[in-house]
Amino acid sequence: MKKVIRIGAGSAWWGDRIEPAALNAEKGRLDYLCFETMAEATISAAQVRARRDPTFPGYDTYLDERMKAVLPACMRHGTRIVSNQGWINPDGAAGRIACWLRTLGHRGVKVASVNGGLITDRVLELTETIMETGAPTATLAPSLISAEVYLGAEPIVEALRAGAQIVVTGRVADPSLFAAPMMHEFGWDALDHRRLGQGNGIGHLMECGAQVTGGYFSDPGFKDVPEPWNFGFPIAEVEADGSATLSKVEGTGGAVNLMTVKEQLLYEVHDPANYITPDVVIDFTTVRLEEVGPDRVRVTGISGKPRTPTLKVSISCAEGFIGEDMFFYAGPGALRRAKLAKRILEERFKIVGLQAEEVRIDFLGLNAIHGAATPADAPEPYEIAVRVAARTRTREEAVKVGREVDGMAVSGIAHTGKRVPHQDRTREVIGVWSSLVPRERIEPRVAYLES
Amino acid sequence: MRVKLQHVAHARSGDKGNTANIAVIAYAPELYPCLKEQLTAERLKAFYKGAITGTVERYAIDRLAALNFVAHGALGGGVSRSLCLDNYGKALSAAILGFELDVPDRLKTFLKGMT
């Protein structure tokens, strides 16, 4: 058993930068490189796209770029890869990775794919209640697009034990991607909630990548970090009990300090004593943080409680459309003109009979981001964008938003700045609901192939 | 002295469904008691006015000198349904930095960004 393993982050979401992943692979001296590439609606968006576009392979659209960037160094250093880039087609992603391995001259490398989380065809029989509303999940039947279970670390551990060098999954809880290598290397039992609490806690700190190394953090004059254009992704040096030191490759920008770690520790957390993952219920309130060197924070003492008997299910539904557009005012009186423009749009929407569930007209520059929380005494800006959005049942209704903004060009008011529409101003709404499924009703499956 | 929260604490928000969490972390343990006493769940909800439509819960993590607020109904129905430009509510945590609170003069040295 190794005394310390080094686990690096390769991405925190689909659109994340690729060069820090390559740097981690090259200079991180990693045992494992883990990629997290999904948001809540990733699976459903992939399902919708796959229906329309038969050429869409159903995995991370940046799979090629990411693998080309890290595979040579990972193969050279013996770094194993755990990734959720499989989206709705982990087998396809594994095949593609094997293809890249052969191209790079690496034959006989074992690649595993983890399936079993997609339960669209039986979600209504396996689940009962929508967590957010309390209504029966059966009410979602007419609009159902996709349903997936958040799997835990166990199938990844199974693949690693079977000798897979690369493991690619569909939906897996983000911390589990990082906890799996720890469970494998240190032989933790899947019911050892103390170690799994600490290990998944470290996974939680790692899964948003640069958010723990200085990203989503800088605030000039209050919280400054060096070279905020050159972040390194985090590396966890993990010991056999899960205690870990967080760091990053030397020479990168950003920072790993008590402030960045505290912010990320609570990111997307509700009750910090009961953070539910498929593997364990994490208790962050017992954590100990210590700065042990430049850009080095030691994290110990995170505890865990036994895992729940259920797994979370995300259920995606077609819920209509959003139409949106914006136009601009500047100079003295920008706000008074924006206010009249808002009134004109409200009247126009009545005239054209816009059927909307919700309409929102903001003044970007004044109140578009914080809305009702904008202070009453906020200063009047020099420039304002009037931004209008409406949520509708049909695309025909959503189109009316852009068409009425078009009308503001020659039938609007003085000094109206407007773009010629250069993109579709409507988009589909895929609503995401949550439910629970008994753990024993879900059977993850691991498949293997060799390059 | 009366100061804005931005001098006392830093903050980060995250999303889950239609619920946002807003973590508020004291810049120094010495400042945490003021924060804990004055920034209650009720006051945070009132500060955000209509931007938070549901209830707000507060969790104190004394070990981190931090408060975690869970704001239900803060994301316009959820990330994909929201009509807000910032549909993930990533900028939501910045608003609370304008909350004003009283800090004893003797703690002035712990405040950030006072020029």
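Residues numbered from 1 in each chain as written. Chains lettered and ligands numbered in written order. Predicted model: local features only at pLDDT ≥ 70, side-chain atom pairs only at ≥ 80, totals over all residues.

A look at the overall build of chain B
Across its full length, chain B holds three helices and six strands. Radius of gyration (C-alpha) of chain B: 14 Å, near the 13 Å computed for a compact globule of 115 residues. Counting only C-alpha atoms, chain B reaches 45 × 30 × 20 Å along its principal axes. (Helix = DSSP H or I, 4+ residues; strand = E, 2+ residues; numbered from the N terminus. Rg over C-alpha atoms; globule rule 2.2 N^0.38 Å.)

Brief notes about the interface of chain B and chain A
On the chain A side, the residues contacting the 35 residues of chain B number 39 residues. Elements supplying a minimum of two residues to the side of chain B that touches chain A: strand E2 (9-16), strand E3 (19-26), strand E4 (56-61) and strand E5 (66-72) of chain B. Among the elements that line the side of chain B that touches chain A, the one with the most residues is E2 of chain B, at five residues. (Contact = placed C-beta atoms within 7 Å.)

Quick word on the environment of glutamine 198 of chain A
Residues and elements named next belong to chain A. Residue position: glutamine 198 is located in helix H8 (residues 193-206). Owing to 30 C-beta atoms within 10 Å, glutamine 198 belongs among the buried residues under this scheme. On a C-alpha basis, the gap between glutamine 198 and serine 243 in space is 7.0 Å, while along the polypeptide they are 45 residues apart. When neighbours within four sequence positions are excluded, glutamine 198 is seen to be in contact with Asp241, Gly242, Ser243, Ile302 and Gly304. (Buried ≥ 20, exposed ≤ 12 C-beta atoms within 10 Å, placed from the backbone.)

Regarding the sheet that holds E2 of chain B
Residues and elements named next belong to chain B. Overall, antiparallel pairing links the four strands, which are arranged E2-E3-E5-E4 in an open sheet. Of all the strands in the sheet, just E2 and E4 have a single pairing partner and so form its edges. Strand-to-strand, the axes of this sheet are offset by a mean angle of 20 degrees, without reference to chain direction. Where E4 and E5 come together, six bridges link them in antiparallel fashion. Residue tyrosine 59 lies in a different strand from E5, and its bridge partner there is asparagine 68. (Pairing = 2+ DSSP bridges. Axes fitted to C-alpha atoms, helices over the stretch in contact; angles between N-to-C directions.)

Some words on unusual backbone geometry
All names here are of chain A. Backbone geometry at glutamate 268 places phi at a positive 60 degrees, although glycine is not the residue there. If you trace the backbone, glutamate 268 turns up in the loop between helix H9 (258-265) and strand E9 (275-276). Here the phi dihedral of aspartate 295 falls at roughly 55 degrees; this positive angle occurs in a residue that is not glycine. By the element assignment, aspartate 295 lies in the loop between strand E11 (288-293) and strand E12 (296-300).

As for the domain arrangement of chain A
All names here are of chain A. When cut into domains, chain A gives domain 1 (4-116 + 151-308) and domain 2 (315-433). Between the C-alpha centres of domain 1 and domain 2 the distance comes to 38 Å. On the side of domain 2, four residues touch domain 1, which itself brings six residues to the contact. Its residues assigned to classes, the side of domain 1 that touches domain 2 comprises four nonpolar, one polar and one charged. (Domains from an automatic or database assignment. Nonpolar A, V, L, I, M, F, W, Y, C, P; charged D, E, K, R; others polar.)

Side note on the nonpolar core
Membership of the largest hydrophobic core comes to 164 residues, with the highest contact counts inside it found for Val167 of chain A together with Val24, Ala26 and Ala66 of chain B. With nine residues, the single largest contributor to this core is strand E14 (residues 310-330) of chain A. Both domains that furnish three or more residues to this core are identified here as domain 1 (4-116 + 151-308) and domain 2 (315-433) of chain A. Here alanine 26 of chain B is in contact with Val8, Ala9, Leu31, Tyr32, Leu35, Ala65 and Ala66 of chain B, once residues within four sequence places are set aside. (Core = buried A, V, L, I, M, F, W, Y, C linked by C-beta atoms within 7 Å.)

A closer look at the pairing of strand E16 (residues 383-392) of chain A
Residue and element names in this part refer to chain A. Burial analysis of E16 places nine of its ten residues in the buried class, which makes it a mostly covered element. Of the pairings in the sheet, the one linking strand E15 (residues 358-364) to E16 comprises seven bridges and is antiparallel in character. Each residue of the ladder has a partner; that of valine 359, found in E16, is alanine 390.

Considering the packing of helix H1 (residues 19-27) of chain A against helix H3 (residues 63-77) of chain A
Residues and elements named next belong to chain A. It is the contact of H1 with H3, at a shortest axis distance of 8 Å, that shows an interaxial angle of 5 degrees. In terms of orientation, H1 lies roughly parallel with respect to H3. Taken together, the residues of H3 that come into contact with H1 (itself represented by Ala21, Ala22, Ala25 and Glu26) are Arg66, Ala69, Val70, Ala73 and Cys74. Residues that form the contact of H1 with H3 fall into these classes: seven nonpolar, no polar and two charged. (Parallel < 35°, antiparallel > 145°, perpendicular 65-115°, else oblique.)

Considerations on the environment of glycine 95 of chain A
All names here are of chain A. By the secondary structure assignment, glycine 95 is in helix H4 (residues 90-103). Given 17 C-beta atoms within 10 Å, glycine 95 falls into the partly exposed group. Taking the C-alpha atoms as reference points, glycine 95 and lysine 110, 15 residues apart in sequence, are found 11 Å from one another.

Looking at the pairing of strand E4 (residues 110-115) of chain A
In summary, the side chains of a regular strand alternate between the two faces of the sheet. As paired elements, E4 of chain A and strand E18 (residues 445-450) of chain A share six bridges and run antiparallel to each other. Within E18 of chain A, the residue paired with asparagine 115 of chain A across the bridge is arginine 445 of chain A.

Some words on the sheet that holds strand E7 (residues 235-239) of chain A
All names here are of chain A. With mixed pairing, the ten strands of this open sheet are ordered in space as E11-E12-E8-E7-E1-E2-E3-E6-E4-E18. A strand with exactly one partner marks an edge of an open sheet, and here the two such strands are E11 and E18. The average angle at which neighbouring strand axes cross in this sheet is 20 degrees, direction not considered. Two elements, strand E2 (residues 32-35) and strand E3 (residues 80-83), share four bridges in a ladder whose sense is parallel. The residue bridging cysteine 34 from the neighbouring strand is valine 82, located in E3.

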